[in-house]
Amino acid sequence: MTMRRRIRRVLWATIVAGALLVGSAPAASAHGERAQEAFLRMRTVAWIDTTFSRTTVRQGETFTITGTAKILDAWPTRLAAGNPNTGFMGIIAPGPVVLLKERTINGVSVPTRIDIRRGGIYEFSMTVAGRRPGRWHVHPSFSVKGAGTLLGPGEWITVEENPDGFTNDVQLVGGGTVNLENYQLTPVWIWLILTFLIGLAWMIYWTVPKRTVTNLAVTSQIPLNTDGMEYGLITKKDHRNMNWFVIGTILLLAVGWIWQSAAFPDKLPQQIIQFAPPEPAIASAPVLAEAGVGTARYDSASDTMTIETEITNRSQEPINLTQFTTTTLRWTTGSAAGPGTVQVAPDSTIEPGSAPTPVTLTIKDPAWEAEHLVPIGESQLLISGVMVFETADGQVNFTELEANLQPRFE
Amino acid sequence: MAVDSKTLELRQLVNKKYKYIDRKWDAVFWITAAFVVGAAADITKQLFAGDWDFWTDWKDRQWWPIITPFAIIIIGSALQYIQWLAWRFPTGMTYTAVCMFLCTLIGRWLQWGAFVYYPMNFVWPATMVAAAIFADWVLLKTKSFVLTSVIGGILFAVTWWISNYIPMAPFLQPAQWMDRVVTVADVQGIEYVRSQTPEYLRIIESGSLRTFLGETQYVSLVFGATVAVAGYWVGQFIGRGLAIWPIGRFMKKW
C-alpha cells in the first residue's frame, strides 16, 4: 500500500470515528453540578424545601420557585476567602428559555445582587415565565462572589406554545410598555447596516477601480510617509472624495445623535443595586438543637450512608428531626429504607436536656453515587448538610451537621 | 515642471499591464483575507471586551468606552500599516471594521440567536465602522503613523462612542421593575437568564469618590482615547513585526 493510500485511509477513519462520536453523544440535560467537588457542594449552600409551583406553563405564563437557601457556617475557608459577602440568586436553564419576572428574598424584591453572610438564611421566591417552547431543566442557583455558582434542586419544566402569541412587556417610567422581545430591534439594525454600508462603500472605492496587488511594485520603492500622488497611486480626487465620505459620516452621526436625544430624552446609567435583605424570622428563632461532629460511613454495595452523631436539644420541649438536606438532595424522616427517606435511630424525636443524645441517620439512596456526593478521592472526606427540626407547635430550626467520612477501601 | 526618470518609471509601473497578475488576484486576496481579518479582530475584541460587546446591560458609560476602543483598534492598526505600506490604501481600519462586522453579525445571529435564543436587541454588536473611517482618513491626510496614532486614535475612540451611544440610547430609558427604577438594559440583563454569569460579575460604573464632578462619561472618553492610542501602537507592533515578510527573521531575532 502506498503512503498516500495509507494517509487517505487514516483520514477517512478519523472522519468516520469523529462522526460516530459526535452522532452518538446524548443531549446534555444537566448543568455540570455533579462535576463540582462533593464536599464543596455540601459545605456551601443548603437548599431546604425547594418547590416548583407548576411544571407545565404556556409562553408568558408564570410559575414560582420557592424555598430556603442557607449559607452554611461550615463554609470552606478556601472559597471567597472564607467570607462570602456578595451573592446572587438566579436561575440556571439552557439559555433564556424562561424569564425571571420577579424575585423576593426574605420578603423584599431583589432585582440583582445582595449582601450575604456566613450562616445567613434566605427565603426566596422567584416568579418565572415560560418563553421558549420545549422541555427544559430549570434550577434555582446561588452564586457567591469569589466562589462560584451552587445549584439548587432542579425540575423539568414544559413550556407550551401560546396560541395567542407571546410578548415580554416592561413598564417604562415615562409611560407605556415595551416588548423586550423585539424592542428597538429595527432601529438598531438600520443603524448598524447604515454604518456598515458606508464602510463597504469606502472599501469598494479603493479596491474596485484601483489595482491592489501590483501596487507593491511601486510602494516598495517609495518612502512610507508619502501617498504616492506624483506616481498616481493616490490622487487629489481621492482626497476630495474621502473628505466627502467623512463629511457624510459626520452628518450621519449628527442625525443619529439628534434622533436619540429627541426620541429618548430621559436616560439613566445602568443601575447597580446591592443591599442586605432583612433577616427572616427563622434566623432569630431560639436555637433548638446542636449537633456534634459525626462519623459517616458509606456502603456502596447497598448505596447506604450511615451518619452517627450526637444531638443536644436546647429547648424546653421535644423536637422532631423531620428532614436532612444537602446540596440538591432532601430526605424526609421515615421508617422504610429507600430513596428520599432518612431513617433515624433510636428515635427522630429528641427529648430536651443538657445531655447529648446519640443518633444514627441511615440513608439508603443511589443518589449518593449518582450525584457524585461521596467525596472519596477528594481532599476533604466530609459529609455535611442541614437537619431540620420542628417542635409540636410548628417552630422550625436548621441545624448543621458535619461528619467525617470513614472510607471503606475494597 | 521637469519629471525625473525614476518618477516616470514608477508612473508607468502603476499602470503596467501584467500578463499573469490580473484583477482576479486582487479579488482572491481581499475575499480570502476578509475571513482571517474578521476573525482576528473579533477574537481580539472578545478577549478584551467580550461581555461589553455581548450585552446591553454591560454597555455602560465608564468601562465600555475605555475597554472596547482599545480592543478593536489593535487589528485595525496592524492592517492599516500593512495596506498602506504595500498598496498605499488608507483602508486597513475600515477593512477590519467591515470584515469584523460581518463575522460578528453571523456569529451573533447564529450563536446567540438561533442556538441559545437571546433576543438580538439584547446582544447586538457594537459598530466600529464610523470610527475606522475617521482613522483611515487621518492616515490619508497626514501620511504619518505617529500623527494617525495620536489624532486618529483619539478621533477613533470618540467617534466609536458616539456611533454606539446612538443605538444604545433606547435601552437606557428608565423602567419600573421589581419595585425599582432601572434601565431597560438592566431588565434585559436579569430577565433573560444568563446561566453561570451572576450579576455581580458585571463590570459597569459603580461610583467612586474620585469621579470628577460626576462626569464619568467624559473622563472615560478621555481615558479611552488615551488607551486607544496605546492600542494603536500594539497593532503597529503586530503589523510591523509579525505580519510583514520575512516573519522568520523577526521570530529568530526575538
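Residues numbered from 1 in each chain as written. Chains lettered and ligands numbered in written order. Predicted model: local features only at pLDDT ≥ 70, side-chain atom pairs only at ≥ 80, totals over all residues.

Trainee: Which parts of the structure should I look at to understand the overall build of chain B?
Mentor: Along the backbone of chain B there are ten helices and two strands. Along chain B, from the amino end to the carboxyl end, the secondary structure elements read α-α-α-α-α-α-α-β-β-α-α-α. The dimensions of chain B, computed from C-alpha atoms along their principal axes, are 80 × 45 × 40 Å. When burial is assessed residue by residue, chain B has 53% of its 254 residues classed as buried. (Helix = DSSP H or I, 4+ residues; strand = E, 2+ residues; numbered from the N terminus. Buried ≥ 20, exposed ≤ 12 C-beta atoms within 10 Å, placed from the backbone.)

Trainee: Please explain the overall build of chain A as it appears in this structure.
Mentor: Helices and strands together make up the secondary structure of chain A, namely six helices and 24 strands. At 32 Å, chain A has a C-alpha radius of gyration far larger than the 22 Å of a compact globule built from 410 residues. Taking the principal axes of its C-alpha atoms as reference, chain A extends roughly 100 × 80 × 50 Å. The buried share among the 410 residues of chain A stands at 36%. Sequence separation of 24 or more characterises 71% of the internal contacts of chain A that already satisfy a separation of 6 or more. (Rg over C-alpha atoms; globule rule 2.2 N^0.38 Å. Contact = placed C-beta atoms within 7 Å.)

Trainee: Please clarify how the interface of chain A and chain B should be interpreted in this entry.
Mentor: For interface size, the figure often reported is the accessible area lost on association. Residue-level contacts link 88 residues of chain A with 78 residues of chain B. The set of elements that each furnish at least two residues to the side of chain A that touches chain B consists of β4 (86–92), β5 (98–105), β12 (169–172), α3 (185–207), α4 (216–219) and α5 (236–263) of chain A. Take the side of chain A that touches chain B: its biggest share by element is 14 residues, from α3(A). Tallied by class, the residues present in the side of chain A that touches chain B amount to 45 nonpolar, 31 polar and twelve charged. Here β12(A) runs beside strand β1 (residues 174–177) of chain B; their pairing, made up of two bridges, is antiparallel. The partner of Leu172(A) across the bridge, within β1(B), is Ala175(B). (Nonpolar A, V, L, I, M, F, W, Y, C, P; charged D, E, K, R; others polar. Pairing = 2+ DSSP bridges.)

Trainee: What's the story with the sheet that holds strand β8 (residues 121–130) of chain A in this structure? I'm lost.
Mentor: Strand pairing within a sheet occurs via backbone hydrogen bonds; the two strands may be parallel or antiparallel. Residues and elements named next belong to chain A. Pairing in this open sheet of five strands is antiparallel, and the strands run β1-β3-β8-β5-β6 from one edge to the other. The open sheet has two edge strands, β1 (45–52) and β6 (108–109), and neither has a second partner. Here β5 pairs with β8 via seven bridges, running antiparallel. Bridging across to β8, Leu100 finds its partner in Val128.

Trainee: Help me understand the packing of helix α3 (residues 64–87) of chain B against helix α6 (residues 129–142) of chain B in this model?
Mentor: The angle between the axes and the distance between the axes are what describe a pair of packed helices. Residues and elements named next belong to chain B. Close contact between α3 and α6 brings their axes to 12 Å; oriented N to C, the two are set at 35 degrees. Considering how the two elements wind past one another, α3 and α6 form a crossing that is right-handed. For the pair α3 and α6, the contacting residues are Gly76, Gln80 and Trp84 in the first and Ala132, Ala135, Asp136 and Leu139 in the second. (Axes fitted to C-alpha atoms, helices over the stretch in contact; angles between N-to-C directions. Left-handed = near helix turned anticlockwise from the far one by under 90°.)

Trainee: Looking at this structure, how should I read the sheet that holds strand β13 (residues 177–179) of chain A?
Mentor: Pairing within the open sheet is antiparallel, and its four strands lie in the order β13(A)-β12(A)-β1(B)-β2(B). Only two strands of the sheet have a single partner each, and these edge strands are β13 of chain A together with β2 (180–183) of chain B. The sheet shows a mean angle of 45 degrees between the axes of neighbouring strands, direction not considered. Contacting β12 and β13 of chain A together with β1 and β2 of chain B, helix α8 (residues 184–191) of chain B runs over the sheet at an angle of about 95 degrees to β2(B).

Trainee: Teacher, can you tell me more about the domain arrangement of chain A here?
Mentor: Structurally, chain A comprises domain 1 (33–173), domain 2 (185–263) and domain 3 (285–408). Each of domain 2 of chain A and domain 3 of chain A has a C-alpha centre, and these two points are 72 Å apart. (Domains from an automatic or database assignment.)

Trainee: What's the story with the packing of helix α2 (residues 23–54) of chain B against helix α4 (residues 92–115) of chain B in this structure? I'm lost.
Mentor: Residues and elements named next belong to chain B. The N-to-C vectors of α2 and α4 enclose an angle of 75 degrees; their axes lie 8 Å apart at closest approach. Compared by their axis directions, α2 and α4 come out roughly perpendicular. Here Ala34, Val37, Gly38, Ala39, Ala41 and Asp42 of α2 lie close against α4, whose contacting residues are Tyr95, Thr96, Cys99, Met100, Leu102, Cys103, Thr104 and Gly107. Broken down by class, the residue content of the contact of α2 with α4 amounts to nine nonpolar, four polar and one charged. (Parallel < 35°, antiparallel > 145°, perpendicular 65-115°, else oblique.)

Trainee: Looking at this structure, how should I read helix α7 (residues 145–168) of chain B?
Mentor: Since the α-helix turns once every 3.6 residues, residues separated by three or four places project in the same direction. A maximum bend of about 30 degrees is found in α7(B) at Gly152(B). Along α7(B), 18 of the 24 residues are buried, which leaves the element largely enclosed by surrounding structure. (Bend = angle between axes of the 7 residues up to and from the residue.)

Trainee: What is the right way to look at the environment of Pro76(A) in this model?
Mentor: Residue and element names in this part refer to chain A. Its place among the elements puts Pro76 in the loop between β3 (62–71) and β4. For the pair Pro76 and Arg43, spaced 33 residues apart in the sequence, the C-alpha separation amounts to 6.8 Å. Setting aside residues up to four positions removed in sequence, Pro76 forms contacts with Leu40 and Arg43.

Trainee: What is the right way to look at the environment of Pro269(A) in this model?
Mentor: Turning to its location among the elements, Pro269(A) is positioned in the loop between α5 and β14 (274–275). Residues within four places of Pro269(A) in sequence aside, it is in contact with Asp60(B), Arg61(B) and Glu205(B).

Trainee: Sorry if this is basic, but what is going on with the pairing of β1(B) here?
Mentor: Consecutive side chains of a regular strand alternate in pointing toward one face of the sheet and then the other. Residue and element names in this part refer to chain B. Of the two faces of β1, only the one carrying Ala175 and Trp177 is buried; Pro174 and Gln176 on the other face are not. Relative to β2, β1 runs antiparallel, the two being bridged by four bridges. Residue Ala175 lies in a different strand from β2, and its bridge partner there is Val182. Two successive antiparallel strands, β1 and β2, enclose a turn made up of two residues, where Met178 displays a positive phi of approximately 50 degrees.

Trainee: Just to check I follow, could you spell out α3(B) for this structure?
Mentor: Residues and elements named next belong to chain B. Relative to the 34 Å expected for 24 residues at 1.5 Å per residue, α3 spans 34 Å between its end C-alpha atoms, a close match to the ideal helical length. The largest bend in α3 comes to about 30 degrees, at Ile73. Most of α3 is tucked away, with 22 of its 24 residues classed as buried. Phi turns positive one or two residues past the end of α3, at Arg88, with a value near 60 degrees. (Expected span 1.5 Å × (residues − 1).)

Trainee: Explanation requested: unusual backbone geometry in the structure shown.
Mentor: Residue and element names in this part refer to chain A. Here the residue pair Ala345 and Pro346 is connected by a cis peptide bond, since its omega of 0 degrees sits within 30 degrees of zero. Tracing the backbone shows Pro346 in the loop between β20 (341–345) and β21 (349–350). With a phi angle near 50 degrees, Asn106 is a residue other than glycine that sits in the positive phi range. Assignment of secondary structure puts Asn106 in the loop between β5 and β6.

Trainee: Teacher, can you tell me more about the environment of Lys101(A) here?
Mentor: Note that Lys101(A) resides in strand β5. As a C-alpha pair, Lys101(A) and Leu382(A) span 281 residues in sequence and 38 Å in three-dimensional space. Apart from the residues within four sequence positions on either side, Lys101(A) is in contact with Thr62(A), Thr127(A), Val128(A), Ala129(A) and Glu191(B).

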